[in-house]
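Listed below are the residues making up each chain.
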Amino acid sequence: MNELPVIDPKKCNGCGLCVSVCQCGALVLIDNVVTLIATKECDWCIDCEAVCLTGALSFPFEIVIEES
Amino acid sequence: MAIQTDFLKRTPYFSDLSLTDLDSVAKFFFEKKAERGEMFLLEGELDEVLYFVVSGVVKVLKTSAEGKEQILNIARPGDSFNDVAAFDGGPNPAAAQSMGSVVLYGIRKSNLEIILRDHPHVALNVIKILASRVRYLLSLVEDLSFKHVIGRIAKILLQYAGDGTGTGQRLTQQDMAAMAGTVREIVGRSLKTLEQEGAIKFDRHRIIITNKEILKKIMEAPS
């Protein structure tokens, strides 16, 4: 399953800092709003979430117990 | 390369200076560029340079002898870093690494002192900036030394663990920080420590608990 980060376009102020730190080219600004264009490339490094001051991007983790 | 005085005007340091004054201080700055991942400022070295982020993002961090990283600050456009070394002339207290392509303006200690002599009211801004840094770092000291944050993170992971069918609640690092009463920088470090201890592993958007017993021990350890 290809899990997606959550983007709230209403919170995006179009500063582009997330795009500048994205290492895999998964993010772009379209009409001044952050947009995910390459979901398969996103490796969940969460750098973009860390630099976003408005909370427009969130990367929720699913917590799972591995059966041994 | 011309230093943009309108950028300097937007920084907390120089917001009080007139455009004429800014024109006269701009000559003291130099531009520096760094590429993604470049560690352009090293902890412990003598640089005596104050930096301002013009574009991009810079991670300010300390690294332990064992290679453990603690992010102290994320500097965005308009923010400064290495203020302490630029004022006391001592070694850089932390390293700085660019998170993407960055453009910086730098100013050496000797030139900063000229500005402060010629425009003493800038010193009041400096005091306010340094005071807010001290306040933030004190809260970080509290989190690192008095709170058993890693135990709380371990508890949260056990509490919210699902069976892997995708029905469980999802948590961001910010959610975990709010639950544990800390900041996300400390959550990131705690998760890395739990990974090194062999309690969890990361699989893209999943945190997999690989050893419940280790996690329980960490959760129950006295603070």
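Thresholds, definitions, all that
Residues numbered from 1 in each chain as written. Chains lettered and ligands numbered in written order. Predicted model: local features only at pLDDT ≥ 70, side-chain atom pairs only at ≥ 80, totals over all residues. Domains from an automatic or database assignment. Helix = DSSP H or I, 4+ residues; strand = E, 2+ residues; numbered from the N terminus. Buried ≥ 20, exposed ≤ 12 C-beta atoms within 10 Å, placed from the backbone. Pairing = 2+ DSSP bridges. Axes fitted to C-alpha atoms, helices over the stretch in contact; angles between N-to-C directions. Parallel < 35°, antiparallel > 145°, perpendicular 65-115°, else oblique. Contact = placed C-beta atoms within 7 Å. Nonpolar A, V, L, I, M, F, W, Y, C, P; charged D, E, K, R; others polar. pLDDT = per-residue confidence, 0-100.

**Overview of the domain arrangement of chain B**
- By domain assignment, chain B separates into domain 1 (5–136) and domain 2 (147–220).
- Here domain 1 of chain B and domain 2 of chain B have C-alpha centroids that lie 34 Å from each other.

**Describing unusual backbone geometry**
All names here are of chain A.
- The backbone phi angle of Asp31 is positive, close to 50°, even though this residue is not glycine.
- Inspection of the secondary structure puts Asp31 in the loop between strand 2 (27–30) and strand 3 (33–36).
- With phi around 65°, Trp44 is a residue other than glycine that occupies positive phi space.
- Structurally, Trp44 can be placed in the loop between strand 3 and helix 2 (47–51).

**A short note on the pairing of strand 5 (residues 61–65) of chain A**
- Within strand 5 of chain A, four of the five residues are buried, which leaves it mostly tucked inside the rest of the structure.
- Sheet topology note: the strand 5 of chain A/strand 9 (residues 170–171) of chain B ladder contains two bridges and is antiparallel. Bridge pairing in strand 9 of chain B links A:Glu62 to B:Arg170.
- When strand 5 of chain A meets strand 11 (residues 206–209) of chain B, the two strands line up parallel, connected through four bridges. Bridging from a neighbouring strand, A:Ile65 pairs with B:Ile209 of strand 11 of chain B.

**With respect to the environment of B:Pro222**
All names here are of chain B.
- Relative to the assigned elements, Pro222 resides in the segment after helix 9 (212–220).
- The exposure class assigned to Pro222 is exposed, which follows from the 5 C-beta atoms found within 10 Å.
- Put simply, Pro222 and Gly151 are 71 residues apart on the chain and 8.7 Å apart in space, counted from C-alpha to C-alpha.

**Some words on the packing of helix 6 (residues 149–160) of chain B against helix 8 (residues 184–196) of chain B**
Residues and elements named next belong to chain B.
- Contact pair helix 6 / helix 8: the axes reach a minimum separation of 9 Å and the direction vectors enclose 75°. Taken together, helix 6 and helix 8 sit at an angle that is classed as roughly perpendicular. Along its contact with helix 6, which presents Val149, Ile150, Ile153 and Ala154, the element helix 8 presents Ile186, Val187, Ser190, Leu191, Thr193 and Leu194.
- Classifying every residue of the contact of helix 6 with helix 8 gives eight nonpolar, two polar and no charged.

**Regarding the interface of chain A and chain B**
- The partner chain B presents 26 residues to the 20 residues of chain A that form the contact.
- For the side of chain A that touches chain B, the secondary structure elements donating two or more residues are helix 1 (17–21), helix 2 and strand 5 of chain A.
- Top element by residues in the side of chain A that touches chain B is strand 5 of chain A. It accounts for five residues.
- Split into classes, the residues belonging to the side of chain A that touches chain B amount to 13 nonpolar, two polar and five charged.

**Here's the deal with the sheet that holds strand 6 (residues 80–81) of chain B**
Residue and element names in this part refer to chain B.
- Strand order across the open sheet formed by four strands is 1-8-3-6, with antiparallel pairing between neighbours. Every interior strand has two partners, whereas the edge strands, strand 1 (29–34) and strand 6, have only one.
- Where strand 3 (residues 49–55) meets strand 8 (residues 102–108), six bridges bridge the pair, whose relative direction is antiparallel. What sits directly across from Leu50, in strand 8, is Ile107.
- Packed onto the sheet, helix 4 (residues 109–118) meets strand 3 and strand 8 and runs at close to 70° relative to strand 8.

**Structural notes on the packing of helix 7 (residues 173–180) of chain B against helix 8 of chain B**
Residue and element names in this part refer to chain B.
- Contact geometry of helix 7 with helix 8 gives a least axis separation of 8 Å together with a crossing angle of 100°. Between helix 7 and helix 8, the crossing angle belongs to the class labelled roughly perpendicular. Counted together, Gln173, Gln174, Met176, Ala177 and Ala180 of helix 7 and Arg184, Val187 and Gly188 of helix 8 form the full contact between these two elements.
- Residue classes in the contact of helix 7 with helix 8 are distributed as four nonpolar, three polar and one charged.

**Considerations on the confidence of the model for chain B**
- In this model, chain B carries an average pLDDT of 92, and 97% of its residues clear a pLDDT of 70 or more.
- Strand 5 (residues 69–75) of chain B is the least confidently modelled element of chain B, averaging 87 in pLDDT, while strand 8 of chain B averages 98, the highest of any element.

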